[in-house]
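What follows is the residue order along each chain.
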Amino acid sequence: MTTLQAYALRTEYRENPLGIDISAPRLSWRLKSTVSGAAAAAYRVDVSSEGSADQSAIGSAAWSTGWVDAGTAVGVTYDGPLNSRTRYTWSLTLRDTDQTVIEAGTAWFETGLLERDDFAGGWVAADTTYDIPEREFDPPVDDDIPTSMRHVPPAAYLRRAFTARGPIASARLYATAHGIYTAHLNGDRLGSAELAPGWTDYTERLQYQTYDVTDQVKEGENAIGIVLADGWWAGYVGFDARRQGNHYGVTSEAWAQLEITYADGSTDRIVTDDSWQTANGRIFYTDLLMGEYVDARRDLGAWNTPEYDASGWAPVATRTDDFSTFLAQVDAPIEVIDELPAISVVIDAHGRALYDFGQNLVGRVRVDFGPLAADRSIILKHGEVLENDELYTANLRTAQQRDVYVSAGADSNVFEPTFTLHGFRYLEIEGLDEPVPLERVTAVVLSSATPPAGTITTSSADVNQLISNIAWGQRGNFVGLPTDCPQRDERLGWMADAQVFLPTAALNADVASFFTRWLADVRGAQTAEGSFPDVAPVVSQFFADGAPAWADAGVIIPWHLYRVYGDLRLLETSYESMTRWVDFIEKHNPNLIWTRRVGNHYGDWLQIDALTPRPLMATAYFAHSAELVAKSAEALGKTADAAHYGELAARIKQAFVDTFTGQDGRLEGDTQTDYLLALAFDLVSGEHRENAAKHLAEAIDAHDGLLTTGFVGVSLLCPVLSEIGRDDLAFALLETDRYPSWLYSVRQGATTIWERWDGWTEHAGFQAVEMNSFNHYSLGSVGEWLYRYVAGIEQAATSVAYERLHIAPRVGGSLTSAAASYESVRGLIRSAWSLEGDAFTLDVEVPPGVTATVVVPGGDTVEVGSGQHHFTSTLALANA
Ligand code: BGC
């Protein structure tokens, strides 16, 4: 009897995706077995289509791979017929090495709208000529509406009633917005997506969402509704001092297409058009940065039900579109991923209630105020830290993170904003006589729903807190796209931040579709000349010409995703843009030292007491990008390109050595980051390499055993130290809590990664308010080292998609154990060690079809196949 099992059957990285439009979707699965050495010998995928609007396709066999003699597959490309609005069910059959045939599971994907002609209707918006109620309040609090929000329009409520002619067989809603929206049918809010459609470069790409509304549409009278807000389309996010708000448009607008298939096979389509109506309701204004103002006195009641009397509503404004920017949602939506109760409340010196959630997080609050007198206005402010026991919001810059709730005098008042997003640990409530009890104050955590992939834990509580801080930084900043920070008026897709953190991120979670989607905006933002930007989507031309290490993300990220997920398609799609970027740098820097067209050159951003020469850093990245393009060319079978870029990389490396090496192999600037770049990017060899290793250790010594690295250097720090045989230094840097260090912030009570090593210090207090986020993931890039080196979950240097593992855990510092697991695209990998006295044990799990070299500390190096393996050794630590 076989023990081989398949699990996690995915289409384009997603579990049973509804409404996809990729022309040849890839199907994948992972394997597990309880028996060592288990492996699949062959697989077979059979696809059938069912339930298509085109009845002729129902139940028909669509496609089969036939038996394929291969053990694993990280993406079988579906090559059968593909029609719009069709559900394709695929079943996987495996044959193991004993010739046993295993029915290994089924999954499905459903197509959305594949042809331009499939889209109908047009945009609907609140008619701006419609009489928006005056913003007049019995002023409960004088500064009820901050100046910044006086021109932000109320959320638009949009609705249409319709009749369904008979019993329903199935119904789908396709919808999106220029703005952000929620969709409603017969009183229900649809789906789990928040802040849909998320942020893409709307001039090029706009994701639509698909909802299965078969259960919501009823025979007879129905009502469909949408609530629409500015979001990224017209709101304040954008960081362009010349243009506050309105980055893509002035008025938000919504599009929806409801398709009903009746039991008799006939269909109806309800689209957004001039039959819709609009009104303003309880959301008086809302903005991602500023906050949301909910006025319960303006509640519309059951506005999204068929019984509602909408006679007072106004007609909508309409606009047509050619749908050329529309595409189906690529990644998992932003969702509520967690809820945290408030853990304490204190009344501050001004009588305001200050709640603590115990965790810096990203999302919003839900407060059940209970009964409130009419016209009572309550102000809710959000902040990450306290100063003198009061909420500290100076670091938000122009962002407000401030919600308002105005009561209509009802007995029940539950407040939860819909279209805003705050970065906070503390909530201050002003305007109540008595604080709301803790159990009625909840933080609602929002994030892109990237499936969890890795876990890691060690014997050190401080290191575990650091690991938690890294994970929370990822959750809070992976919201539709990788952002720098979630609280101040920035929240942009900064590319270096994403690039340095990606290796850690991809171990914590399955980020394949998340980055696939964002990379389309990265490529789209490339200038005609070939420059990648600093941020994507680009909202200001100030960021169009990217800086070294920032723009290089356009090369580094597709390559890294290829290594992790084996995604050759993404590499292929990105390839041309990658070559154009490297060609662009070369064209402007023919002597191969990158000094021209460096954009905003940020250097090793936020380093401490060190200045890495910018030409040196830039040239190192130039060499690295050229090398990764060469490797990509090789992976894609482009031999001539591989030779060309390989040779270019070699010449840049030579120019680097010739230009920046001084006496005794010291590099210009003599900083830690200098040597980290040289060693990590393989810029130096032989004697130069030995010198660089020596000088790196000295540069740490020279700073009293502490780091000086900024965003760029820090991601290389511990991995390079391990590679040059200095685990001792890597562990010392990890475990010190002297400033600057990771554990310094942990010691100060951090629950996320800070933007700056000195976000707050005993000697200087808070850093400058102009730039001091307490939730920036970049310095958390050390997570990669914890997984790959400390726990030892690593693939061999030339392996792709974890086909060959190299498990070589490092033991050091005060750690007596470390354990990590990682759901790779082939299956679960685990490595856990512990040290008691000098007795070392290591447990390793290798998925079917994968082999591993295990380097047992103090023991042998062993080759193993799949299964669970236990090793012991006697380990006398040098520093024990
Ligand atoms: C952002 C960063 C970004 C940097 C560029 C900052 O304002 O928050 O994380 O990478 O600018 O130097």
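Residues numbered from 1 in each chain as written. Predicted model: local features only at pLDDT ≥ 70, side-chain atom pairs only at ≥ 80, totals over all residues. Heavy atoms only, no water.

## Thoughts on the nonpolar core
Ranked by size, the top nonpolar core spans 198 residues in total, and within it Phe-515, Trp-742 and Trp-785 carry the most contacts. Take this core: its biggest share by element is twelve residues, from helix α7 (residues 614-635). In contact with Phe-515, other than residues within four places in its own chain, are Phe-478, Pro-482, Ala-498, Leu-502, Ile-557 and Leu-561. Core analysis: the next-biggest nonpolar cluster, separate from the first, contains 29 residues, Val-124, Val-213, Ala-254 and Ile-270 among them. (Core = buried A, V, L, I, M, F, W, Y, C linked by side-chain atoms within 4.5 Å. Buried < 20%, exposed > 50% of the residue type's maximum accessible area, 1.4 Å probe, protein only. Helix = DSSP H or I, 4+ residues; strand = E, 2+ residues; numbered from the N terminus. Contact = heavy atoms within 4.5 Å.)

## Looking at the pairing of strand β31 (residues 422-430)
Taken across its nine residues, β31 has eight buried, putting it largely inside the fold. In terms of strand pairing, strand β25 (residues 353-368) meets β31 through seven bridges, oriented antiparallel. Paired with Asp-356 across the two strands is Tyr-426, which belongs to β31. As paired strands, strand β26 (residues 377-383) and β31 are joined by five bridges and run antiparallel to one another. Residue pairing in the sheet places Ile-379 in a bridge with Glu-430 of β31. (Pairing = 2+ DSSP bridges.)

## Description of helix α5 (residues 553-565)
For α5, which comprises 13 residues, the first-to-last C-alpha distance of 17 Å matches the rise-based estimate of 18 Å (1.5 Å per residue) to within 8%. Of all the 13 residues making up α5, 13 are buried; the element is thus mostly covered by neighbouring parts of the structure. Gly-566 lies just past α5 and shows a positive phi near 65°. (Expected span 1.5 Å × (residues − 1).)

## Regarding the pattern of salt bridges
Here the structure, examined in full by the defined rule, presents 55 salt bridges. Measuring nitrogen to oxygen at the nearest pair gives 3.3 Å for the salt bridge that ties Arg-189 to Glu-194. Among the residues examined, Arg-189 registers a relative accessible area of 35% and is labelled partly exposed. Judged by its relative accessible area of 7%, Glu-194 falls in the buried class. (Salt bridge = Lys/Arg side-chain N within 4 Å of Asp/Glu carboxyl O.)

## Brief notes about the site of the ligand
All residues in the neighbourhood of the ligand are listed as Asp-484, Arg-488, Glu-490, Trp-494, Asp-497, Trp-550, Tyr-602, Trp-605, Phe-711, Glu-755 and His-776. Asp-484 is positioned such that a nitrogen or oxygen atom in its side chain is 2.7 Å from an oxygen atom of the ligand. Take His-776: an N or O atom from its side chain is 2.9 Å from an oxygen atom of the ligand. Considering only residue class, the shell around the ligand consists of five nonpolar, one polar and five charged. (Near = heavy atom within 4 Å. Polar contact = N/O pair within 3.5 Å; in protein donor to acceptor, adjacent residues only side chain to side chain. Nonpolar A, V, L, I, M, F, W, Y, C, P; charged D, E, K, R; others polar.)

## Points about unusual backbone geometry
When glycine is set aside, most residues are seen to have a negative phi, and most peptide bonds are trans. Residue Pro-197 is bonded to the preceding Ala-196 through a cis peptide linkage, with omega at 5°. When you line up the elements, Pro-197 lands in the loop between β13 (188-189) and β14 (206-212). Residue Pro-740 follows Tyr-739 across a cis peptide bond; omega there is -5°. Turning to its location among the elements, Pro-740 is positioned in the loop between α12 (727-735) and α13 (742-747). At Asn-186, a residue that is not glycine, the phi angle is positive and equals roughly 45°. Structurally, Asn-186 is set in the loop between β12 (180-185) and β13. Backbone geometry places Ala-801, a non-glycine residue, at a positive phi of 55°. Take Ala-801: it is sitting in the loop between α14 (783-791) and β38 (804-807).

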